[in-house]
Protein chains: 2
Amino acid sequence: MDDTTPGSHSSRLVVIGGDAAGMSAASQARRLKGPGELEIVAFERGHYASYSACGIPYWVGGEVTGPEELIARTPEEHRARGIDLRMRTEVTEIDVAGQRVRARDVESGAESWTPYDHLVIATGARPIRPDMPGADASGVHGVQTLDDGRALLDTLARARGRRAVVVGAGYIGVEMAEALINRGYEVTVVNRGREPMSTLDPDMGRLVHRAMEGLGIRMVNDTEVTEVRTDAEGHVRAVVTPDAEYPADVVVLGIGVRPETSLARAAGLPLGEHGGLLTDRAMRVRGHENVWAGGDCVEVLDLVSGRERYIALGTHANKHGQVIGTNVGGDYATFPGVVGTAVSKVCDLEIARTGLREKDAHRAGLRFVTATIESTSRAGYYPDASPMTVKMLAERRTGRLLGVQIVGREGAGKRVDIAAVALTAGMTVDQMTALDLGYAPPFSPVWDPVLVAARKAAKAVRDS
Amino acid sequence: MDDTTPGSHSSRLVVIGGDAAGMSAASQARRLKGPGELEIVAFERGHYASYSACGIPYWVGGEVTGPEELIARTPEEHRARGIDLRMRTEVTEIDVAGQRVRARDVESGAESWTPYDHLVIATGARPIRPDMPGADASGVHGVQTLDDGRALLDTLARARGRRAVVVGAGYIGVEMAEALINRGYEVTVVNRGREPMSTLDPDMGRLVHRAMEGLGIRMVNDTEVTEVRTDAEGHVRAVVTPDAEYPADVVVLGIGVRPETSLARAAGLPLGEHGGLLTDRAMRVRGHENVWAGGDCVEVLDLVSGRERYIALGTHANKHGQVIGTNVGGDYATFPGVVGTAVSKVCDLEIARTGLREKDAHRAGLRFVTATIESTSRAGYYPDASPMTVKMLAERRTGRLLGVQIVGREGAGKRVDIAAVALTAGMTVDQMTALDLGYAPPFSPVWDPVLVAARKAAKAVRDS
């Protein structure tokens, strides 16, 4: 059975994926065009739409009481705004030439084609599952969706012991380590890299490593999980590496995600080197006038290196959706790109980065200097001034800021925004030394740590 | 008696004023030139040098235990680095044509001339004392110097009652109100403006007003103190306004400061409309090759309005000193100007501003739109997410950011740095909507409050 084609007076927007990018696009298009002008149909294969996946670690950790707190807008609320959101309905094919998608009701298996005038692909990401024995055992969990979060909490409620192994030490890995510590678990993090947080240079990751150990987290670096061992009932029992075996009552996989672009690939749409969809600045899929894409399934332009990157992050997904909805709604907006800002925390340790790491700069063919300084979050004499390490990369000769990494306690993380704006503006580190940043003893030393780093980096540029 | 003239092999730098700007200049010049090349003499009329005046409210409030914590470097430490810092020695005349200054030993009254090759004027600011009966009574205190702080603490130790009146509701006024609340005082703030914090627009000052009242501070706006009444021993007893009388055991004056430029004025050096010294970008006094000035005695270029402003703030003084010392030391540095960033707090309320207020924009002949939004410091579902109000001004037509004001709790204040960098870079509010700011639920909603304000301001620009 086919949906009816759009009436002569209205066009139809079809959205694949009911989370941040897709529903932001739908909502913004709806703000600009009423139901008489634009029909909006959105397909979501899961049980939840419009939720904050970034909040899952805090739900698991107990800071957030239930999944409903993570839901920005319910399906009913979307429908009340004139968005025909169809839950548990999976799109199985995009027919670009025919301007239609085929969708299947997950419960009944019934399939039908829906024609579109505009298509938004917001299929998100899928977690990387290691290819090894036991990877799908009971008690092994990803934390990508609210369904994943609920399954993990069920395992924790039934677990016989209190030993957790987290595989991967990126931001999901460290956030899940914190969540499990908060749940009273004995936590081991097994990590392929030299240090945790491979989004930082290893010298800065080392600071995270030490802080995690200080929190009682066992950190095992430079190794690979080769097997998940199970008991007689098929439940996880231990995680095995080439050198050791770590008993585990629960295993959390935090080894990253890949763009979910199998539909797009099958439809012949352009994918980049990281497997994400390629778009123009208006978030239109390259070469396709009426196909748009955003969120965790697209690659984005890195404004610092000038190359495409893959970054799965809710804040980008929301911006993409906003831009797409504005354009589909007949107005104009663009997403110029990213500088690679990310911030996370493990207990009271704040970890932030923006721009290029040393290896990114090498890869982009850039010659650079680095400067690392230690300072404090407040004036040294003010109560609760806490130490903070700032590392800065600047291009040789030009002095252009290339990247900043910050590790510290309260007040460290969001300081990275200073560098994010400076990177966007193409500032040099010398220009940054004169920035008029907020100063008062409870907020900053008289020289903000970012300024101290900029001064040292500017000197390194002059001396290079 | 005259000092010996500098020897043939070295030149002499004379610094007037031993606090942030002066001693930063001296220290930086010393880093670049050894004592064989450059002799450095610095005169300070007070008992302390190189201290954080911004820390005085926290000393009075008890967060900082003693004045020694506020001293960045002692006179002995300066001397050990080859800086001849002469305490309790007041410069009484600058002879620009003769390249010499006359200084008087405050204790002995002895005077002598000291010749210079380079002169740094860092005479700071003097607090505005209202011209009214009782303004100099015992128990009435400014909080400009460490000596002031000590005198105020002596009064508090001896005070018979616990009623304090703070005159003025700028950042010193609100910080002193907090300090006195922390000391267990019943605090009344008497303020000439419509709302406290006249560095904000009144609609934002209103939020500070309400929060101060919530803290138990009595806030009296729109009035003027006409008299300070004293008891038989000449100690303060009450503060009088046209409408009322406020009993007081101690009075703190926080009605602002003026540049201390009487020496410079007498020497015929160029002063601006706010009474501060005028310099070029290298911090050289205009028209004088070897006379430099920095800190609270100079006017600075406002990069947003293109006009000179007067801002007494330690962070600028330190930068000025650094720039002067670099230039005197034979290298090159400039201070390009300010955007007017300031941050302060009263108990857990954070107050921040940068750029132009509505009246500054009017005065500069700019047409503008405003946007005010409410958001939260963290994702709404994350524990301790606290409300935050952000007001943004943008120029009509161009959409250029003109100013930002933020009032909120933890995490509000330093967010103003995002706007400070954007102002420096000349960004439009539309460009700001795409800024790649740090996002994770413990740090920010998925749309940072600054981005929410930028979106609303961008819409206001389009609609204007």
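Residues take numbers from 1 onward in each chain, read along the sequence in its written order. A letter from A marks each chain and a number from 1 marks each ligand, given out in the order of writing. Owing to the predicted nature of the model, reporting of local features is limited to residues with pLDDT of at least 70; listing and counting of side-chain atom pairs is limited to 80 or more, with chain, interface and lining totals taken over all residues. Side-chain measures were taken over the full set of non-hydrogen atoms in the model, leaving aside hydrogen atoms and water.

1. Observations concerning the overall build of chain A
As a reminder of what qualifies: Here a strand is any run of E in DSSP of at least two residues, a helix any run of H or I of at least four, and the numbering for each starts at the N terminus. As defined in this context, the radius of gyration uses C-alpha atoms, and a globule is described by 2.2 Å times the residue total to the power 0.38. Throughout, a residue-residue contact means that at least one pair of heavy atoms, one from each residue, lies within 4.5 Å. Note on areas: Shrake-Rupley, 1.4 Å probe, and residue coverage restricted to the protein chains presented here. Charge convention: Lys and Arg are scored as positive, Asp and Glu as negative, and His as well as the terminal groups of each chain are ignored. One atom stands in for each charge, and that atom is NZ of Lys, CZ of Arg, CG of Asp or CD of Glu.
Tallying secondary structure elements over chain A gives 12 helices and 25 strands in all. In summary, chain A has a C-alpha radius of gyration of 24 Å against a globular reference of 23 Å for 464 residues, a match within 12%. Viewed in the frame of its principal axes, chain A has a C-alpha envelope of about 70 × 60 × 40 Å. Nonlocal contacts in chain A, meaning residues at least 24 apart in sequence, comprise 62% of its contacts between residues at least 6 apart. As displayed, chain A offers around 17700 Å² of accessible surface, 47% of which is attributable to carbon and sulfur atoms. Charge centroids of chain A, computed over 54 positive and 61 negative side chains, lie 5 Å from each other.

2. So, the sheet that holds strand β5 (residues 100–105) of chain B
All names here are of chain B. For clarity, the threshold we go by: Strands pair, by our definition, only if DSSP identifies at least two bridges between them. Axis definition: a line fit to C-alpha positions, over the contact stretch in the case of helices; interaxial angles, taken between N-to-C directions, run 0 to 180 degrees.
Taking strand neighbours across the sheet as the criterion, the 3 strands line up as β4-β5-β6 in an open arrangement whose pairing is antiparallel. If you trace the sheet from one side to the other, it starts and ends with β4 (89–95) and β6 (111–115), each paired once. When the angles between neighbouring strand axes are averaged without regard to direction, this sheet yields 30°. In the sheet, β5 pairs with β6 via 5 bridges, with the strands oriented antiparallel. If you follow A103 over to β6, its bridge partner there is S112.

3. Describing the domain arrangement of chain A
By a widespread convention, an interface's size corresponds to the accessible area lost as its parts come together. Residues and elements named next belong to chain A. So the rule is basically this: Where a domain begins and ends is set by an automatic assignment or by a domain database. Once two parts are put together, the accessible area they lose, assessed with a 1.4 Å probe and summed over both, is termed the buried area. For salt bridges, the criterion is a side-chain nitrogen of Lys or Arg within 4 Å of an Asp or Glu carboxyl oxygen. Only Asp, Glu, Lys and Arg are considered charged in this grouping, and only Ala, Val, Leu, Ile, Met, Phe, Trp, Tyr, Cys and Pro are considered nonpolar; every other residue, Gly among them, is considered polar.
Partitioning chain A into domains gives domain 1 (11–126 + 258–328), domain 2 (129–255) and domain 3 (349–463). The gap between the C-alpha centroids of domain 1 and domain 2 is 30 Å. Tallying the contact residues gives 20 residues for domain 1 and 17 residues for domain 2. Together domain 1 and domain 2 conceal approximately 1600 Å² of surface at their shared face, both sides included; 60% is due to carbon and sulfur atoms. Applying the counting criterion to the domain 1 and domain 2 interface returns 0 salt bridges. Of all the elements, helix α2 (residues 56–61) adds the most residues to the side of domain 1 that touches domain 2, at 6 residues. Tallied by class, the residues present in the side of domain 1 that touches domain 2 amount to 14 nonpolar, 4 polar and 2 charged.

4. A short note on the relation of the copies chain A and chain B
To keep things clear, this is the line we draw: Least squares is the method for superposing the copies, and the C-alpha atoms it fits come from residues with pLDDT of at least 70 in both.
With an axial shift of 0.0 Å and an RMSD of 0.0 Å, the rotation relating chain A to chain B amounts to 180°. Between the two chains, the operation in question is that of a two-fold axis. Both copies contact each other with a shared surface, as 100% of the interface residues of chain A are interface residues in chain B too.

5. Let's talk about the packing of helix α1 (residues 20–32) of chain B against helix α8 (residues 314–328) of chain B
The angle between the axes and the distance between the axes are what describe a pair of packed helices. Residue and element names in this part refer to chain B. The test is simple: Helix crossings are classified by the rotation of the near helix relative to the far one: an anticlockwise turn of less than a right angle makes the crossing left-handed, while a clockwise turn makes it right-handed.
At their nearest, the axes of α1 and α8 sit 7 Å apart, and the two run at 35° to each other. The handedness of the crossing between α1 and α8 is right-handed. Counted together, A20, A21, S24, A25, Q28, A29, R31 and L32 of α1 and A317, N318, G321, Q322, I324, G325, T326 and V328 of α8 form the full contact between these two elements. A class-by-class count of the residues in the contact of α1 with α8 yields 8 nonpolar, 7 polar and 1 charged.

6. So, the UniProt feature "domain: Pyridine nucleotide-disulphide oxidoreductase dimerisation" (unreviewed entry) in chain A
As a reminder, the rule being used: UniProt positions are given in the numbering used here, feature names are shortened, and annotations may be inferred rather than shown by experiment.
Mapped onto this numbering, the UniProt entry annotates "domain: Pyridine nucleotide-disulphide oxidoreductase dimerisation" (unreviewed entry) at residues 344–446 of chain A. Taken end to end, residues 344–446 of chain A is 18% helix and 35% strand, and its two terminal C-alpha atoms sit 26 Å from one another.

7. Structural notes on the side chain of D436 of chain A
Where we set the bar: Within 3.5 Å is the distance limit for a polar contact, defined as a pair of N or O atoms, with the added protein rule that one can donate a hydrogen and the other accept it, and that residues adjacent in sequence qualify only through two side-chain atoms.
Among the secondary structure elements, D436 of chain A is positioned in the loop between α11 (429–432) and α12 (449–463). In this structure the side chain of D436 of chain A is engaged in a polar contact, spanning 2.8 Å, whose partner is the backbone nitrogen of G340 of chain B. Each residue touching D436 of chain A, except ones within four places of it in the same chain, is listed here: H316, K319, V338, V339, G340, T341 and A420 of chain B.

8. Side note on the interface of chain A and chain B
Chain A puts 58 residues into the contact, and the matching count from chain B is 58 residues. Across the interface of chain A and chain B, roughly 4800 Å² is buried in total on both sides, 66% from carbon and sulfur atoms. When the buried area of chain A at its contact with chain B is split by residue, Y381, D436 and F443 of chain A rank highest and sum to 17% of it. Taken together, the links from chain A to chain B amount to 2 salt bridges. Of the charged contacts in the structure, one is a salt bridge between K414 of chain A and D448 of chain B, with a shortest N-O distance of 2.6 Å. The interface formed by chain A and chain B includes 24 residue pairs in polar contact (both at pLDDT 80 or more). Classifying every residue of the side of chain A that touches chain B by side-chain character gives 28 nonpolar, 16 polar and 14 charged.

9. Details of the pairing of strand β16 (residues 250–253) of chain A
Residues and elements named next belong to chain A. Cut-off, in case you're wondering: Buried means the residue's accessible area, taken with a 1.4 Å probe over protein chains only, is under 20% of the maximum for its type, while exposed means over 50%, and partly exposed covers the values in between.
Along β16, one buried face is formed by V250 and V252 and the opposite face, lined by V251 and L253, is buried too. Here strand β9 (residues 140–141) runs beside β16; their pairing, made up of 2 bridges, is parallel. The partner of V140 across the bridge, within β16, is V251. As judged from the 4 bridges shared by strand β10 (residues 163–167) and β16, these two strands associate in the parallel manner. Among the inter-strand pairings, V167 is bridged to a residue of β16, identified as L253.

10. Quick look at the nonpolar core
Threshold: Residues belong to one nonpolar core when they are buried, are Ala, Val, Leu, Ile, Met, Phe, Trp, Tyr or Cys, and are joined through side-chain atoms within 4.5 Å.
With 87 residues, the main nonpolar core has M392, L401, V429 and M432 of chain A together with M392, L401 and M432 of chain B as its most contacted residues. The biggest single contributor to this core is α12 of chain A, with 8 residues. Residues within four places of M392 of chain A in sequence aside, it is in contact with V369, T370, A371, L401, G403, V404, V429, M432, V450, A453, A454 and A457 of chain A.

11. Examining helix α6 (residues 202–214) of chain A
Residue and element names in this part refer to chain A. Here is the rule: Working rule for helices: expected span equals 1.5 Å times residues minus one.
Look at α6: 18 Å from first C-alpha to last across 13 residues, which is about the 18 Å you get at 1.5 Å a residue. Within the sequence span of α6, burial applies to M204, G205, V208, H209, A211 and M212. G216, located one to two residues past α6, shows a positive phi value of around 90°.

12. Looking at helix α1 (residues 20–32) of chain A
Residues and elements named next belong to chain A. The end-to-end C-alpha distance of α1, which contains 13 residues, comes to 18 Å, matching closely the 18 Å that a straight helix rising 1.5 Å per residue would cover. Burial analysis of α1 places 11 of its 13 residues in the buried class, which makes it a mostly covered element. For α1, the full list of buried residues reads A20, A21, G22, M23, S24, A25, A26, S27, Q28, A29 and R30. Check the buried side of α1 and you find it contacts β1 (11–16), β2 (38–44), α3 (75–80), β3 (84–87), β7 (118–121) and α8 (314–328).

13. Describing the sheet that holds strand β21 (residues 342–346) of chain A
Residue and element names in this part refer to chain A. Read across the sheet, 5 strands follow the order β21-β22-β25-β24-β23 without closing on themselves; strand pairing throughout is antiparallel. Each edge of the sheet is formed by a strand with only one pairing partner; in this case those strands are β21 and β23 (368–376). The sheet shows a mean angle of 10° between the axes of neighbouring strands, taken without regard to direction. In the sheet, β21 pairs with strand β22 (residues 349–355) via 5 bridges, with the strands oriented antiparallel. Its bridge partner lying in β22, V343 is registered against A352. The strands touched by α12 are β23 and β24 (387–395); relative to β23, the strand with the most contacts, the crossing angle is about 150°.

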